[in-house]
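Spelled out, the chains give:
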Amino acid sequence: MSHQMYNELWREAQTILEETSYADNLLILSKPSKDKRNFHKQLSILYVKYILAINKLGECYDQMVHPQKRLLIRKVLDCSVIRFLELKPELVNFTFSEFTYLDDAVQELKLMPQDIEVQIPSCYRRDRRMDIEWKNKFVDDISTKLGLYEEETPGIQMTEEEAVLLIQRHERARQCRLRAQFMKNIRELKDRSKVKGGDDITETGRIAALKIQRAWRGFITRRKIRKRVLEEMLLIGMLQPENFSTEERDRANALKSTKYALQEKYQSEYEAALVKEKEDIKKYRGNIIMEEIRDEVRNWYLTYKQQTGKFPTIPSEDHGGSRVVIGRQSPLPGSSEGSHSTVAASVESKSSRSKKSSESSEEKKRKVSDDDFVGYKISQSNILSDLDAANAEYEETWRNINESDNPNQTYVLSMVRAQKTAEVEAELRKIVDVQLRAELENLQAALERDEKGRRSKKASKKKARRSGKKSKKKKDKDLTPDRSLESLFEELIANGIIRKYPHTPASSFSGEISCVGYDYQNRGDNLMPSLGDMRQVIKEFCILPMSSANIHQTAPLLRSILLAGPKDCGKDMLVNIICTELGAVLFDLTAANIAGKYPGKAGLIMLVHLINKVSKLLQPSIIYIDDAEKTFMKKVPKTDKTDPKRLKKDLPKIVKSIGPTDLVMLIGVTNQPWECDQKSLTQTYHKIVMMLRPDYASINCLWSDLLLRYDALNRDINLCNLTKLSDGYTVGVLLKAMQRLMTCKRMLRLRIQPLKITEILDSLSQFEPVYKEEEEAFIQWYAKTPLGRGKQKAWEIETELTEAVGDVKKRKPK
């Protein structure tokens, strides 16, 4: 099991990150750019490079077994993901679209479309696997207890020998039936020949036999040619083979399981070594370290006394203690208290910075007032400094390390000792500082007695208290203080609020990423996203931000998202993918699901309380609402008895209560978003993603996955024609058509009767496509959303500026 490949992969990822972070800092500090295309190119290149680094780091962290390397890789991976998520709003605000098209970056970096899709690191789900298993088991147990699951009746128990004998009896019976039918046909032929008589073959019969022979030989030859062409296409990789060898895949999975076991083993050994080394250092070197710290600090304040004639004050623990003044090495002459002087200096620096910033802001305002358009500028980052520090740690420690004496990739003992020595020194320094502060007070008192009151004691400055009343947030009253989490969990499962969802990985949502979208988007065209773009957006907005608490606290906060599109376009499947990849608990607050449950005002208060409390205790959590437009409908139809407006006032409060530390998100699904109050809808759902019918590439990829999974299917089926003829149908319709067509009987007849495109089209014709009127309704509705209005306004301003520049050029004399 070689680790050199993953060390090389890590080195490649760090090289990409060093170049990218350097370019990122330059772009932040640079002046605003007025070249829109160039700015988008720079921003998209940064975005793509972070994707490349995340994919490589995720694979390294998943496969490496060295515990200390994995700690740094995880830190760099989290920082890269956070910066990647910070750049996403920049691109959204720049292009006024949730979908990011990276045409220029792909062309510049010479990448494939598959390379620019971010992969979700498996470590985030694996870290919570015990919690996910507990939740799933609890839901299954409660559902079984309540009778929501049908009990599986055990089949007939038999031994392997009995099963073989039963199969043999049935097979002999089948062969006997075929033999009997064959003999019956022979007897019938003999009877016919007796009736007709045994005359010789006439000339007409001979001609007919020759025609039959010619037709049969032609058929056989054409079949051989088709088979040969098919074999050639399979050989050069133009067609997908029928039978996939799972041997290599099984070996890879077995190797992964072995590495996971080694990771846990080495991690436990590393943690045990951390505890043991710290105890040993305290036991054998604790007194020596304390004496060294005492001598160092005493030399410092005696030197200070000789230079200034007075004793200094050791800074408080909050300001770093004696480490601050020792690290400074040279005292400031004329200053009585080191800590006070530093605080004053920091205050002065802050005030000067605030003045400079106010002056600079005034200058910026003047510039903005002078020029209507300043340029495109990227905002500051909260994580780039941490990323630079992690890159520097890799450069100092791991890039050129010699691991010839560590082939098994266990922990490095010297690093453990250095780390624990620093921790022990920091702990002992606090104790020594307390002792030396008391010693300095005694020396200062003796010095003042010798000087006989020449120098009055300086009153110790108290810490400045903040003026004004503290803003206290009203805490919600806990309506269930005496109930355990398990009982609340069970109650919500019993009422169907918490429900189980089908296991749906992100890879099951097949589709290609669009790489020609920016030019259309830049012209203001209504370009519909592909299925690959939808998969990417869901990863960027929902899965990656909630995959880790550390990422969620630092990355841009998104509390709610609305998925809008026609029926059967894959919205519910995307919700299942989000829940599966996060291992989240699904709370179903659809109006039809909560109808008749928790009735009345008191019941509604209890329902909202349970959702707020349990969703934050069982993080990550997804609050799901189907037919989201019904919550904000202006007029509810009389036939609707589900009371859909029940959560109209409480739903915005639930969204508002989600904080940066809460791994909770509201996801709404709608197929008629225009039939409600748009203001309330956009205030509740902070992000709106619209998906319509899939494009050509996505349909072709989907048909390839649906059809070529059958081994007996003819591999030379014309997918291009089928894709073109099925244009306009949604993903769900295609799946339903295949389920209706490929029955068990039809699958058994595939080798005898090959599947034809006409059969698929006949099954598809029983469903309705997305008509142009419905598609236009979605486009018009989306144009009225905040992002749609911003895009239209920006397009109008850009058009006016272009026309004005053209007029100026025309007026200039030649």
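In the block above lies the structure referred to throughout.
Please read these numbers as outputs of a predicted model, since none were measured by experiment.

Rules and cut-offs
- Residues numbered from 1 in each chain as written.
- Predicted model: local features only at pLDDT ≥ 70, side-chain atom pairs only at ≥ 80, totals over all residues.
- Heavy atoms only, no water.
- Helix = DSSP H or I, 4+ residues; strand = E, 2+ residues; numbered from the N terminus.
- Buried < 20%, exposed > 50% of the residue type's maximum accessible area, 1.4 Å probe, protein only.
- Contact = heavy atoms within 4.5 Å.
- Areas by Shrake-Rupley, 256 points an atom, 1.4 Å probe, with all protein chains shown as cover.
- Core = buried A, V, L, I, M, F, W, Y, C linked by side-chain atoms within 4.5 Å.
- Phe/Tyr/Trp six-rings, centres within 6.5 Å; stacked < 30°, edge-to-face > 60°.
- Lys NZ or Arg CZ within 6 Å of the ring centre and 35° of its normal.
- Axes fitted to C-alpha atoms, helices over the stretch in contact; angles between N-to-C directions.
- Parallel < 35°, antiparallel > 145°, perpendicular 65-115°, else oblique.
- Nonpolar A, V, L, I, M, F, W, Y, C, P; charged D, E, K, R; others polar.
- Patch = residues over 30% accessible without salt bridge, like charges linked within 9 Å, V, L, I, M, F, W, Y side chains within 5 Å.
- Salt bridge = Lys/Arg side-chain N within 4 Å of Asp/Glu carboxyl O.
- Lys, Arg positive; Asp, Glu negative; His and termini not counted.
- Charge placed at Lys NZ, Arg CZ, Asp CG, Glu CD.
- Pairing = 2+ DSSP bridges.

(A) Structural view of the overall build of the chain. The secondary structure content of the chain amounts to 29 helices and 6 strands. Burial status across the chain gives 40% buried among its 814 residues. For the chain, long-range pairs separated by at least 24 residues make up 85% of all intrachain contacts whose partners lie at least 6 apart in sequence. For the chain, the exposed area adds up to about 49000 Å²; of that, 53% sits on carbon and sulfur atoms.

(B) Broad picture of the nonpolar core. Formed by 106 residues in total, the largest nonpolar core has its most connected members in Phe 587, Ile 622, Tyr 685, Trp 703 and Leu 707. Of the residues forming this core, the biggest block, 7 residues, is contributed by helix α16 (residues 531-543). Membership of the second largest hydrophobic core comes to 54 residues, among which are Leu 57, Val 118, Cys 123 and Ala 390.

(C) Representation of the packing of aromatic side chains in the model. Applying the stated criterion to the full structure yields 13 aromatic pairs. Aromatic pair Phe 39 and Tyr 376: ring centres 5.8 Å apart, planes at 25 degrees, arrangement stacked. Placement of Phe 39 in helix α2 (residues 36-63) and of Tyr 376 in the loop between α11 (338-370) and α12 (384-397) is noted, with a sequence separation of 337 residues between them. Considering the side-chain rings of Trp 674 and Phe 778, the 4.9 Å spacing of their centres and the 75 degrees angle between planes classify their relative orientation as edge-to-face. A residue pair is termed long-range when its members are at least 10 positions apart, and Trp 674 in the loop between β5 (664-670) and α22 (678-684) and Phe 778 in helix α28 (residues 772-782) qualify at 104 residues. When its relative accessible area of 0% is taken as the criterion, Phe 778 is described as buried. Every member of this aromatic cluster is reached through a ring pair, and the members are Phe 39, Phe 94 and Tyr 376. Its end group placed over the ring of Phe 94, Lys 36 keeps NZ or CZ at 6.0 Å from the ring centre.

(D) Structural context of the packing of helix α3 (residues 67-95) against helix α9 (residues 247-308). Here α3 crosses α9 at 100 degrees, and the two axes come no closer than 9 Å. Judged by the inter-axis angle, α3 sits roughly perpendicular to α9. Within the contact between the two elements, α3 uses Pro 67, Gln 68, Arg 70 and Leu 71 and α9 uses Gln 263, Tyr 266, Gln 267 and Tyr 270. Of the residues contributing to the contact of α3 with α9, the split by class is 4 nonpolar, 3 polar and 1 charged.

(E) Region of interest: a positive patch on the surface. A contiguous patch of positive charge on the surface is contributed by Arg 222, Arg 223, Lys 224, Arg 226 and Lys 227. Note on placement: Arg 226 falls in helix α8 (residues 203-235).

(F) Region of the structure containing the environment of Met 690. Following the sequence through the fold, Met 690 ends up in strand β6 (residues 687-690). For Met 690, a relative accessible area of 7% corresponds to the buried category. Sequence separation between Met 690 and Lys 571 is 119 residues, and the spatial gap between their C-alpha atoms is 9.7 Å. Discounting chain neighbours no more than four positions away, the residues touching Met 690 are Phe 99, Met 528, Pro 529, Met 534, Ala 564, Phe 778, Ile 779 and Tyr 782.

(G) Here's a closer look at the pattern of salt bridges. According to the stated counting rule, one finds 38 salt bridges in the structure shown. Residue Arg 228 is joined to Glu 232 by a salt bridge in which the shortest nitrogen-to-oxygen separation is 4.0 Å. Of this pair, Arg 228 and Glu 232 both sit in helix α8, 4 residues apart, which is roughly one turn of the helix. Residue class for Arg 228 comes out exposed when judged on its relative accessible area of 58%. The exposure class of Glu 232 is partly exposed, given its relative accessible area of 44%.

(H) Spatial organisation of the pairing of strand β2 (residues 560-564). In terms of burial, β2 is largely enclosed, as 5 of its 5 residues are buried. Of the two faces of β2, the one carrying Ser 560, Leu 562 and Ala 564 and the one carrying Ile 561 and Leu 563 are both buried. Bridge analysis of β2 against β5 gives 5 bridges, and the strand direction is parallel. Paired with Leu 562 across the two strands is Gly 668, which belongs to β5.

(I) Expanded view of the sheet that holds β5. Spatial strand order, β1-β3-β4-β5-β2-β6: 6 strands in an open sheet with mixed pairing. At either end of the open sheet lies a strand with only one pairing partner, and these are β1 (498-499) and β6. Where strand β3 (residues 585-588) and strand β4 (residues 621-626) come together, 4 bridges link them in parallel fashion. Bridge pairing in β4 places Val 585 opposite Ser 621. Packed onto the sheet, helix α18 (residues 571-582) meets β2, β3, β4 and β5 and runs at close to 165 degrees relative to β5. Running at roughly 155 degrees to β6, α28 makes contact with β2 and β6 of the sheet.

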